[in-house]
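# What the coordinates show
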Amino acid sequence: MNKGELTKAVAAESGLSQSEAGKAVDAVFDTIAGAAKSRQQVAIAGFGTFAAKTRNAREGRNPATGDKIKIPEKTSLAFKPATALKDL
């Protein structure tokens, strides 16, 4: 399911127009992204938790040459599904 299909499903389920449902879907995504950017956790009961995770800088190897390289610190968004979602 892509974003357009999600918007149509939300519109059908909620009785909103597709335009209003699109705005609602965008608002949810923007809120989650904003919380992650400010390092806040977003927990949705029965669905799961979104949280920003940071991987420390480390030393790696270039697989082609075998040379050592420095891999910089990286922050990414992680999702941990709730038990109710896993059981589906």
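Looking up the chain in an unreviewed UniProt entry gives the name DNA-binding protein HU, with the organism given as Hyphomonas johnsonii MHS-2. Under the UniProt heading Sequence similarities (unreviewed entry), the entry covering the chain gives this text: "Belongs to the bacterial histone-like protein family."

### Considerations on the side chain of threonine 7
Mapped onto the fold, threonine 7 is located in helix 1 (residues 3–14). For threonine 7, the residues in contact, after removing those within four places along its chain, are Gln18, Ala21, Gly22 and Val25.

### A few points about unusual backbone geometry
Despite not being glycine, arginine 39 shows a phi value in the positive range, around 65°. Counting through the fold element by element, arginine 39 comes out in the loop between helix 2 (18–37) and strand 1 (42–44).

So, how was this worked out
Residues numbered from 1 in each chain as written. Predicted model: local features only at pLDDT ≥ 70, side-chain atom pairs only at ≥ 80, totals over all residues. Heavy atoms only, no water. UniProt positions renumbered as here; feature names shortened; annotations may be inferred. Helix = DSSP H or I, 4+ residues; strand = E, 2+ residues; numbered from the N terminus. Contact = heavy atoms within 4.5 Å.

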